[in-house]
Amino acid sequence: MTKLIYGLCDMQSFYASCEVASREEYAARRKEFDDSTDPALVVSGDPARRSGIILAATPTAKTSGVSNAMRLGEALQLNPRLIVVRPHMEFYLQVSVRIQEVMKQVFPLQEQFSVDEGFFAFPHPSKLFPDPMAAARKLQQKIWDQFRIRSRIGMGPNKWVAKMSNAKAKKSPEGIVWWREEEVQALLHPMPVESMWGLKKRAETLKTEFKAVTIGDVAAIPLGRLKARFGVWGEVIHRWANGVDISKINPHSYSTPHKGFSHRTTLPNERRLLSSSSNCLMRSAIA
Ligand SMILES: [Mg+2]
């Protein structure tokens, strides 16, 4: 039976990669599968005063302990030779729009999820996409060829699982991971509760109040108990812990952003309400 495979494509160190990719002095030595060929560069608010915050750092910069949201002064203590550049937000947004267009060329069913992330979906098996790994690689290759930005792609039977497998893709050498539907629970359940994407403080509650250590522990909690504690979120947590997610790809997510839960009552029908509110959960989780 033909089903949809969902993917999440995420740019590596997006702002920093935009800077590195657009600077002549680094272009010749950069290699796609070797991020140590990038310079130790950070994008930071106010380089002159050292008081700015690190907005993005290349993996090379991160090897010296530098991380996002760190103060520039602290980062420079860790690595005095850091290359510091001011943010060029308009440029990053232009690159972002163009990358999302490339995603849509490869996968017409596509949703921008953040400035450097996009969901996509495609039917499988299908003649157009006979090999999901090859389809993902095609997208990754196009992004590298056109923008010299590395991307990581996670795929699975739904959006949430794609987000989870994307986290694994970041640690895989080729940067692409596909979790098949039949193996999702076995892969998901040994993982720690705090790795459940989108739960924020609810993960802590699951640990302290429900004594859940792994995602499998969460899946074993009766739905009624989750609903009693978390309300509407109880159902979402139950689904996610079982590798299920009902949110749909919304190609217009950026032209009609979800405003929040209070708006769902104004939606015209139940079906749309369900998928939209669940999309809204996905979105509010990163807000
Ligand atoms: Mg990213």
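First things first, this report covers the structure right here in the doc.

Basis of the calculations
- Residues numbered from 1 in each chain as written.
- Predicted model: local features only at pLDDT ≥ 70, side-chain atom pairs only at ≥ 80, totals over all residues.
- Heavy atoms only, no water.
- Patch = residues over 30% accessible without salt bridge, like charges linked within 9 Å, V, L, I, M, F, W, Y side chains within 5 Å.
- Areas by Shrake-Rupley, 256 points an atom, 1.4 Å probe, with all protein chains shown as cover.
- Salt bridge = Lys/Arg side-chain N within 4 Å of Asp/Glu carboxyl O.
- Helix = DSSP H or I, 4+ residues; strand = E, 2+ residues; numbered from the N terminus.
- Buried < 20%, exposed > 50% of the residue type's maximum accessible area, 1.4 Å probe, protein only.
- Pairing = 2+ DSSP bridges.
- Axes fitted to C-alpha atoms, helices over the stretch in contact; angles between N-to-C directions.
- Left-handed = near helix turned anticlockwise from the far one by under 90°.
- Contact = heavy atoms within 4.5 Å.
- Nonpolar A, V, L, I, M, F, W, Y, C, P; charged D, E, K, R; others polar.
- Donors = N, O, S within 2.8 Å, 3.2 Å for Na, K, Ca; no water.
- Polar contact = N/O pair within 3.5 Å; in protein donor to acceptor, adjacent residues only side chain to side chain.

**Description of a nonpolar patch on the surface**
Now for step 1: Residues Ile53, Leu55 and Met89 make up a contiguous nonpolar surface patch of roughly 210 Å² in combined accessible area.
Now for step 2: Turning to its location among the elements, Leu55 is positioned in strand β3 (residues 54-57).

**As for the pairing of strand β6 (residues 117-124)**
Now for step 1: By the criterion of burial, β6 is predominantly enclosed, with seven of the eight residues buried.
Now for step 2: Note that strand β1 (residues 3-11) and β6 share eight bridges and pair antiparallel. Its bridge partner lying in β6, Gly7 is registered against Phe120.
Now for step 3: Across five bridges, strand β5 (residues 109-114) lies against β6 in antiparallel orientation. Residue pairing across strands places Ser114 opposite Glu117, the latter belonging to β6.
Now for step 4: Following β5, the chain reverses through two residues before pairing antiparallel with β6.

**A few points about the packing of helix α5 (residues 89-106) against helix α6 (residues 132-147)**
Now for step 1: In contact at an axis separation of 10 Å, α5 and α6 are set at 145° when each is read in the N-to-C sense. Note on packing geometry: the crossing formed by α5 with α6 is right-handed. Contact residues: α5 offers Val95, Arg98, Ile99, Val102, Met103, Gln105 and Val106, while α6 offers Ala135, Leu139, Lys142, Ile143, Gln146 and Phe147.
Now for step 2: Along the lines of polarity and charge, the residues of the contact of α5 with α6 split into nine nonpolar, two polar and two charged.

**Considering the coordination of the magnesium ion**
Now for step 1: Within the protein, the magnesium ion binds to Asp10 (OD), Met11 (O) and Asp116 (OD); these donor distances fall in the range 2.1 to 2.6 Å.
Now for step 2: Mapped onto the sequence, the donors of the magnesium ion take the spacing D-M-x104-D.
Now for step 3: In this structure Met11 comes out as buried when scored by relative accessible area, which is 2%.

**Considering the side chain of Thr37**
Now for step 1: Tracing the chain through its elements places Thr37 in the loop between α2 (24-27) and β2 (41-44).
Now for step 2: You can call Thr37 buried: its relative accessible area is 6%.
Now for step 3: Within polar-contact distance, the side chain of Thr37 engages the backbone nitrogen of Lys31 at 2.8 Å.
Now for step 4: For Thr37, the residues in contact, after removing those within four places along its chain, are Arg29, Arg30, Lys31 and Arg150.

**A closer look at the pattern of salt bridges**
Now for step 1: A complete count under the given rule lists 14 salt bridges for this structure.
Now for step 2: Salt-bridge contacts for Arg180 lead to Glu183; the nearest nitrogen and oxygen are separated by 3.8 Å.
Now for step 3: We classify Arg180 as partly exposed; its relative accessible area is 34%.

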